[in-house]
Amino acid sequence: MTMNELYQALTHLFDRHRIVFWYDDKQELRAEFDALMLPGVDKIVLENNAFGVKHRILRQEPTRKFLLYRAGAPPADLDNWLLDVQLAHAVFRADQTALWLSELGLGQEFTEVVAPHAEFFQSARRRETLRALLKPDDTPRQVRMKLLAVAVGAEPRLDDILETLLDELAAGKDEKIKLVGRCGLGALLWEQAERSYGYASAAPGILDFAVSLFKGCYALALGEATPLTADALVFLKRWKDSVRHHAAFEALSGQAADILVVEQDLQRREMRALAELDFFELIDRKLLSDLARAVAARTLSAGACSQIIRQRRQSHWFNRYEQPYTAIDIGAQFIDLVGKVGLTITSLAEGIRQYVEVWYRVDQLYRQFIFFAAKAGQPTLLAALQKQIENIYSNNYLLPLNDRWQPFVDACDRWEAPPVKLQTAFFTEYVRPFLRKGNKVAVIISDALRYEIGEELLGLIRREDRYDAEINALLSVLPSYTQLGMAALLPHTALEIAAGSVDTVLADGANTQGIENRGAILERALPGRATALKADDLLAMSRDESRALMRECDVLYVYHNRIDAVGDKRDTEERVCEAAADALDDLVRIVKKLANANANNMIVTADHGFLYQHRELEESDFASQEATGAKITNRNRRFVLGTGLDATSSFKHFRAQAVGLAGDTELLLPKSINRLRVKGAGSRYVHGGAALQEVIVPVVSINKKRQSDLSVVAVDILRGSSTIISAGQLSVAFYQTEPVTEKIQPRTLRVGIYTEAGVLLSDQHTLTFDFAAENARERELRIQFVLTKAADAANNQDVLLKLEEQVPDTAFYREYKAARYTLRRSFTSDFDF
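Rules of the game
Residues numbered from 1 in each chain as written. Predicted model: local features only at pLDDT ≥ 70, side-chain atom pairs only at ≥ 80, totals over all residues. Heavy atoms only, no water. Helix = DSSP H or I, 4+ residues; strand = E, 2+ residues; numbered from the N terminus. Rg over C-alpha atoms; globule rule 2.2 N^0.38 Å. Buried < 20%, exposed > 50% of the residue type's maximum accessible area, 1.4 Å probe, protein only. Contact = heavy atoms within 4.5 Å. Areas by Shrake-Rupley, 256 points an atom, 1.4 Å probe, with all protein chains shown as cover. Lys, Arg positive; Asp, Glu negative; His and termini not counted. Charge placed at Lys NZ, Arg CZ, Asp CG, Glu CD. Expected span 1.5 Å × (residues − 1). Pairing = 2+ DSSP bridges. 1 Å grid on protein atoms, 1.4 Å probe; cavity = no way out; pocket = protein on both sides within 12 Å on 5 of 7 lines; lining within 4 Å. Points joined across faces, edges and corners; volume = space filled by probe spheres on them. Nonpolar A, V, L, I, M, F, W, Y, C, P; charged D, E, K, R; others polar. Salt bridge = Lys/Arg side-chain N within 4 Å of Asp/Glu carboxyl O. Phe/Tyr/Trp six-rings, centres within 6.5 Å; stacked < 30°, edge-to-face > 60°. Axes fitted to C-alpha atoms, helices over the stretch in contact; angles between N-to-C directions. Parallel < 35°, antiparallel > 145°, perpendicular 65-115°, else oblique. Left-handed = near helix turned anticlockwise from the far one by under 90°. Core = buried A, V, L, I, M, F, W, Y, C linked by side-chain atoms within 4.5 Å.

The next subject is the overall build of the chain. For the chain, the helix and strand inventory stands at 31 helices and 30 strands. Relative to the compact-globule value of 28 Å for 833 residues, the chain shows a C-alpha radius of gyration of 40 Å, a clear excess of over 25%. With the C-alpha coordinates aligned to their principal axes, the bounding extent of the chain is approximately 135 × 60 × 55 Å. By residue count, 52% of the 833 residues in the chain fall in the buried class. Across the chain, every contact between residues at least 6 apart in sequence was considered, and the portion connecting residues at least 24 apart equals 70%. Only carbon and sulfur atoms are counted for the fraction: they give 47% of the accessible area of the chain, which is about 37,600 Å². Of note, the chain has its 102 positive side-chain charges centred 2 Å away from the centre of its 113 negative side-chain charges.

Take a look at the structure:
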């Protein structure tokens, strides 16, 4: 040992102690003692002078520092006159272990803690890191845990040490676990794992621990026997839900599933037994497969399906499988609804009323299913269910509904259904009232935004803060195609399809085709007070530009085309459900853009609706006869225009005046949902006819408010008659006090059991309360909490069941609500029988 090492070691000791004893067991360091110079420290050699030295250091100079040197080993305790002083201060030994102890500021009582782990202390960096962690009141066990933590690069807690080692295992590395072995810390690690989690193995190792953890927690969650403790289940749940470690969890979960042959075990499990388990990704695949089959076979109710999927929403893998879960849930709702609705029609007006109150929802669910099934990217999984839904939609709803609607279309001499307003009255009924009151209004016309999509838009708008909206229906013009529908929404007294040109529609003799012509018609009706533009141009404007636009006009027409642009092309018509979703996103953006431009009153409407069947059409979907007549000027998939047209059993014949048009044009409309064959045109997405889905268009009236009108659902804790926790688990029911609506939004809470000092005693659950059911019992959620060993220290004390809510845009939580319980567990709760 060099003089510098001696000097450094003794200096560290004198930083903490006034008196240091130096026993030179081999009697070979007297020269070094004599040469040593320690500022502020008196050196004394112990040679039969113990009593005098004791008097000096305790009585004569009680504040001065002393280094007491003895050549040889310490005397026996009974012969050591300075034993009491020695026990109260520090002992220095000039061996490597002693140097390390001195450097760390640890007493000789820690010799057996340090000596077995020489490999650890060879690194100056590790020694320095350890020294920073040590505290004066550390026990030998705490020091050992800190050795282990430094070797691993973790916090000195078993859970963090294991999570760090599991991260390394998942990354395919082993440097840290090997260092643990070289440092002689492996036995300590697995001893602590057994004590805390019940892990014991003939060949302990980090992979073996990981596989045992997954196996045991899977059994625990299923209520089966396992040597692992409830703390192991809590550890796995926290590890799984950790932002920092979830990637390692996922990698090792897959590896463990292969080793344990989990797929084979899952084959014998019932859906409901697995509904809340998420330790393996295979569980979600099993549930999805079972759900899809059960819904397609109609052996699972829509309510039961939704309940299982609602439980999965809190699971680890849900985001990865959200699309197929959503498709299955919507599919179950669709099948349930079609089975319940009646399709009786007694008049045109009654048919429209029932459609806007009930039947639209069938079309909406069908469209949403097709959309989410495509997004899921799992055609094999959903094939049987999709085939079932396609058949039900076409054969049990779309065709029979319009077959029953058709006789009332056939019987009408004029295309009208009072009290339903006609699309041609739009400007008079919806725009002029704002002008009469001196208010501005923005009209957004979205091509092919059929009624059910407009109803979904209504919900999206109402969910926004300070926005209110309502929806009404208009009966569209016939034929229900773009150019005529767009013209009907402009101010006019008469509409006419130009002879020989279906693309040219005249409003009071003026061409309505294109933005410029429509803007000119608005300008003539409201000089200097109205204009028209495309939605893309509006969205591209700065805030100042859009505000200037709204200042300059009282009426703004905004034209948007997403659905029809995709659906009207044979190559893209199969993506019309995706286009509808994009259109909804666009329209919300447009509404917000206009609101930011100080438009308080907005109306969203459409030129026409559409029919859409995702499956390939069959021969029976086409009209059995061809349209004939003296002169056919236009032949579309859903209408024919001309003069001298022949009325046959396959078509409804209208003259222009009967559908509110000027001129001598005649119309032939294929009955029900039949299509006409048109070369080069698609046939799954069509419009132009008189089917309910084509002719009912939405009018969504939107108003921007000045004050917030959103609230969040309240949640209560439903406690039983007892507030005593006497076992290792606690079942608690939570109650959402009101249904979620557009204006009453969901609430997400983190829930756990804590001591009054804030120490977590159980697993944690993140719960989303988003129930829309009117039935109060359907808004209850029961959760099982598993207590950890930390709960033992709180026995016979009050504890708190806390509901906490995350502070927006932060990682912090604040208490939302709490309930007090008393933890009173008997010794029998420590046993598993």
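Turning to its location among the elements, Asp770 is positioned in the loop between strand E27 (765-769) and strand E28 (780-786). In contact with Asp770, not counting residues within four places along its chain, are Arg313, Gln736, Val740 and Pro746.

With that settled, consider helix H1 (residues 3-14). Taking 1.5 Å per residue, 12 residues should reach 16 Å; H1 reaches 16 Å between its end C-alpha atoms and fits that length. The complete set of buried residues in H1 reads Leu6, Ala9, Leu10, His12, Leu13 and Phe14.

Moving on, we get to the pairing of strand E12 (residues 555-560). When you tally the buried positions in E12, you get six out of six residues, the bulk of the element. Burial along E12 is two-sided: Val555, Tyr557 and Tyr559 facing one way and Leu556, Val558 and His560 facing the other are all buried. Pairing geometry for strand E6 (residues 441-446) and E12, over six bridges, is parallel. If you follow Ser446 over to E12, its bridge partner there is His560.

In this structure, the second largest pocket occupies an estimated 1,900 Å³ of space. Lining the second largest pocket are 44 residues, with Asp329, Gln333, Arg361, Asp770 and Ala772 sitting closest to its centre. Per-element accounting of the lining of the second largest pocket gives the leading share, nine residues, to helix H20 (residues 318-340). When its residues are assigned to classes, the lining of the second largest pocket shows 17 nonpolar, 10 polar and 17 charged.

Looking now at the pattern of salt bridges. Using the criterion set out here, one finds 57 salt bridges in the structure. In this structure, Glu452 engages Arg367 in a salt bridge whose closest nitrogen and oxygen atoms are separated by 2.8 Å. Placement of the pair is Glu452 in helix H24 (residues 451-462) and Arg367 in helix H21 (residues 348-376), with a sequence separation of 85 residues. Residue Glu452 shares its accessibility class with Arg367, and that shared class is buried. Across the salt bridge formed by Asp586 and Arg589, the nearest N and O atoms sit 3.8 Å from each other. Residue Asp586 and its partner Arg589 are located together in helix H30 (residues 576-596), separated by three residues, close to a single helical turn.

Bringing the packing of aromatic side chains into the picture now. Inspection of every chain in the model, using the stated rule, returns 35 aromatic pairs. Relative to Trp317, the ring of Phe249 lies with its centre 6.0 Å away and its plane at 35°, an arrangement referred to as tilted. One end of the pair, Phe249, is in helix H15 (residues 246-260); the other, Trp317, is in the loop between helix H19 (302-312) and H20, with 68 residues separating them in the sequence. Per residue, the accessibility class of Phe249 equals that of Trp317, and both read buried. Measuring from ring centre to ring centre gives 5.8 Å for Phe426 and Tyr430, while their planes differ by 25°; the resulting arrangement is stacked. Of this pair, Phe426 and Tyr430 both sit in helix H23 (residues 426-436), separated by four residues, roughly a single helical turn. Taken as a pair, Phe426 and Tyr430 share a single burial class, namely buried.

The next subject is the sheet that holds strand E23 (residues 724-725). Strand order in this open sheet of five strands is E23-E30-E29-E26-E27, and the pairing throughout is mixed. One side of each edge strand has no neighbouring strand; the edge strands of this open sheet are E23 and E27. Sheet topology note: the strand E29 (residues 797-806)/strand E30 (residues 813-823) ladder contains 10 bridges and is antiparallel. Paired with Leu803 across the two strands is Lys817, which belongs to E30.

For the rest of this paragraph, the subject is the packing of helix H8 (residues 124-133) against helix H9 (residues 140-152). It is the contact of H8 with H9, at a shortest axis distance of 10 Å, that shows an interaxial angle of 130°. Overall, the two elements H8 and H9 adopt an arrangement that is oblique. Where H8 crosses over H9, the handedness of that crossing is right-handed. Between H8 and H9, the residues in contact are Arg126, Thr129, Leu130 and Leu133 and Lys146, Leu147 and Val150, respectively. Of the residues assigned to the contact of H8 with H9, the class counts are four nonpolar, one polar and two charged.

What follows covers the nonpolar core. The biggest cluster of nonpolar side chains holds 219 residues, and the ones touching the most others in it are Phe209, Trp415 and Tyr557. A total of 13 residues in this core trace back to one element, the largest contributor, which is H21. Val715, Val732, Leu781 and Leu801 belong to the second largest nonpolar core, which has 28 residues in total.

Quick look at the sheet that holds E12 now. Taken in spatial order, the seven strands line up as E5-E7-E20-E13-E6-E12-E11 in an open sheet, and their pairing is mixed. Both edges of this open sheet fall to strand E5 (421-422) and strand E11 (530-534), since each of them pairs with a single strand only. Pairing analysis gives nine bridges linking strand E7 (residues 467-475) to strand E20 (residues 696-704), with the strands arranged antiparallel. Note that in E20 the partner of Ile471 across the bridge is Val700.

Moving on, we get to unusual backbone geometry. Looking along the chain, the bond that leaves Pro418 and enters Pro419 is cis, with omega of 10°. In this fold, Pro419 is placed in the loop between helix H22 (379-411) and E5. One non-glycine residue, Asp508, lies in positive phi territory at about 55°. Among the secondary structure elements, Asp508 is positioned in the loop between strand E9 (505-507) and strand E10 (510-511). A positive phi angle, close to 65°, is found at Asp809, a residue other than glycine. Tracing the chain through its elements places Asp809 in the loop between E29 and E30.

Here the focus is the environment of Ala714. In this fold, Ala714 is placed in the loop between strand E21 (711-712) and strand E22 (715-718). Taking relative accessible area as the criterion, Ala714 reaches 24% and is therefore assigned partly exposed. Considered as a pair, Ala714 and Leu460 are 254 residues apart in the sequence and their alpha carbons are 22 Å apart.

Only one face of E22 is buried: it carries Val715 and Ile717, and the other face, with Asp716 and Leu718, is open. Alignment of E22 against strand E24 (residues 729-736), held across four bridges, turns out to be antiparallel. Within E24, the residue paired with Val715 across the bridge is Gln736.

A word on empty space enclosed by the protein. Enumeration over the complete set of coordinates arrives at one cavity of 30 Å³ or more. Taken as a whole, the largest cavity holds about 30 Å³ of empty space. Lining the largest cavity are Leu13, Val91, Phe92, Ala98, Leu101, Ser102, Leu106 and Gln108. Going through the elements one at a time, strand E4 (90-92) and helix H5 (96-104) are the ones with two or more residues in the lining of the largest cavity. Grouping the amino acids of the lining of the largest cavity by side-chain chemistry returns six nonpolar, two polar and no charged.

Here we take up the side chain of Asp329. Relative to the assigned elements, Asp329 resides in helix H20. Although buried, Asp329 forms no salt bridge, and the nearest oppositely charged side chain, Arg310, lies 6.8 Å from it. Not counting the four nearest positions on each side in its chain, Asp329 is found in contact with Cys305, Ser306 and Ile309.

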